Amino acid sequence: DFELSTLPTILDSIYTHRVTHFIAVPVMLSMILRLDDSYLDCFREDSLRFVLSTAAALPGDLWQQFEQASGQAVTNQYGLTECSVGIYNGPDAQSRKVGVAGKPYACEIRIVDDQDEDCVVGCAGSLWIKSESLMDGYLNNDQATTHAIVDGWLRTGDIAVQDEQGFISIVGR
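Overview of the structure. (Residues numbered from 1 in each chain as written. Predicted model: local features only at pLDDT ≥ 70, side-chain atom pairs only at ≥ 80, totals over all residues. Heavy atoms only, no water.)

Moving on to the sheet that holds strand 2 (residues 50-53). The strand order across the open sheet formed by 5 strands is 1-2-3-4-5, and the pairing between neighbours is mixed. Strand pairing shows two members of the sheet lacking a second neighbour, strand 1 (21-24) and strand 5 (103-104), which therefore form its edges. Here strand 1 runs beside strand 2; their pairing, made up of 4 bridges, is parallel. By the bridge assignment for strand 2, Ile 23 is matched with Leu 52. (Pairing = 2+ DSSP bridges. Helix = DSSP H or I, 4+ residues; strand = E, 2+ residues; numbered from the N terminus.)

For the rest of this paragraph, the subject is the packing of helix 2 (residues 26-33) against helix 3 (residues 60-70). Contact geometry of helix 2 with helix 3 gives a least axis separation of 10 Å together with a crossing angle of 45 degrees. The angle between helix 2 and helix 3 places the two elements in the oblique class. Crossing handedness for the pair helix 2 and helix 3: left-handed. Contacts between helix 2 and helix 3 involve Pro 26, Leu 29, Ser 30, Ile 32 and Leu 33 from the first element and Leu 62, Gln 65, Phe 66 and Ala 69 from the second. (Axes fitted to C-alpha atoms, helices over the stretch in contact; angles between N-to-C directions. Parallel < 35°, antiparallel > 145°, perpendicular 65-115°, else oblique. Left-handed = near helix turned anticlockwise from the far one by under 90°. Contact = heavy atoms within 4.5 Å.)

Let us look at the nonpolar core. Formed by 21 residues in total, the largest nonpolar core has its most connected members in Leu 11, Ile 14, Phe 22, Ile 32 and Phe 43. Elements with a minimum of two residues in this core: helix 1 (7-16), strand 1, helix 2 and helix 3. It is helix 2 that contributes the most residues to this core, 4 residues altogether. Ignoring anything within four residues of it in the chain, the contact list for Ile 32 reads Leu 7, Leu 11, Phe 22, Leu 40, Phe 43 and Phe 66. Counting residues in hydrophobic clusters, the runner-up holds 17 residues, among them Ile 87, Ile 129, Leu 154 and Ile 168. (Core = buried A, V, L, I, M, F, W, Y, C linked by side-chain atoms within 4.5 Å. Buried < 20%, exposed > 50% of the residue type's maximum accessible area, 1.4 Å probe, protein only.)

Judged by which residues are buried, strand 1 turns out to be one-sided: Phe 22 and Ala 24 face inward and are buried, whereas His 21 and Ile 23, on the alternate face, are not. Handedness of the crossover is the feature at issue here: the chain leaves strand 1, passes through helix 2, returns alongside strand 2, and the resulting connection is right-handed. (Right-handed = clockwise from strand over helix to strand, strands pointing away.)

With that out of the way, let us pick up the packing of aromatic side chains. The geometry of an aromatic ring pair comes down to the distance between the two centres and the angle between the two planes. Following the criterion strictly, the structure yields 3 aromatic pairs and no others. When the centroid spacing of 5.2 Å and the interplanar angle of 80 degrees are considered together, the rings of Phe 43 and Phe 66 count as edge-to-face. Taken as a pair, Phe 43 in the loop between helix 2 and strand 2 and Phe 66 in helix 3 lie far apart in primary sequence, 23 residues in all. In this structure, Phe 43 and Phe 66 share a single accessibility class: buried. Considering the side-chain rings of Tyr 88 and Tyr 105, the 5.3 Å spacing of their centres and the 80 degrees angle between planes classify their relative orientation as edge-to-face. Taken together, the positions of Tyr 88 in strand 4 (residues 83-89) and Tyr 105 in the loop between strand 5 and strand 6 (108-112) put the pair 17 residues apart, joining distant regions of the chain. (Phe/Tyr/Trp six-rings, centres within 6.5 Å; stacked < 30°, edge-to-face > 60°.)

Within helix 2, the full set of buried residues consists of Pro 26, Met 28, Leu 29, Met 31 and Ile 32. Buried positions along helix 2 lie against helix 1, strand 1, strand 2 and helix 3.

Structure representation (structure tokens):
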């Protein structure tokens with residue numbers, strides 16, 4: 001079970017198992033910041049390449065606080081069970097921008113309006129993803145599959161905005 005009392009043991013495993021990637025959800029990063037500063041030393045272990053935040057939006061202020069306190073770069077990932085690739089933020093400078101989901105990786109994205117027409121840069125719309133790793137459909141549920149997948153595009157159910165540099169922000173559901 002993950003809870004505040006188990007965090008020291010989890011963090012100690014970075015040393016004992018020479019962890020290369022620490023995968024966490026934003027609430028875990030917030031909880032780590034509540035521990036004594038000595039627990040943050042594990043993030044300076046030479047085996048650790050980066051921290052990956054996933055499964056929820058990572059607020060920019062938490063992102064910056066964690067990086068400053070730990071000395072470790074944080075990357076971010078947006079993805080879905082239905083499509084194993086998605087949107088990544090970092091670790092390199094071209095794909096990194098604090099406070100946003102990131103840029104498409106091994107997939108195509110569309111942001112569309114209520115008429116399924118592509119939105120212009122800077123306008124919010126429904127996020128659609130297309131990829132070779134997209135699921136074939138929901139098991140024994142053709143109706144849900146037909147609603148979710150249109151011409152090979154997965155309707156994620158999320159509302160997104162793309163900026164001029166190609167970074168995607170998730171702004172709603």
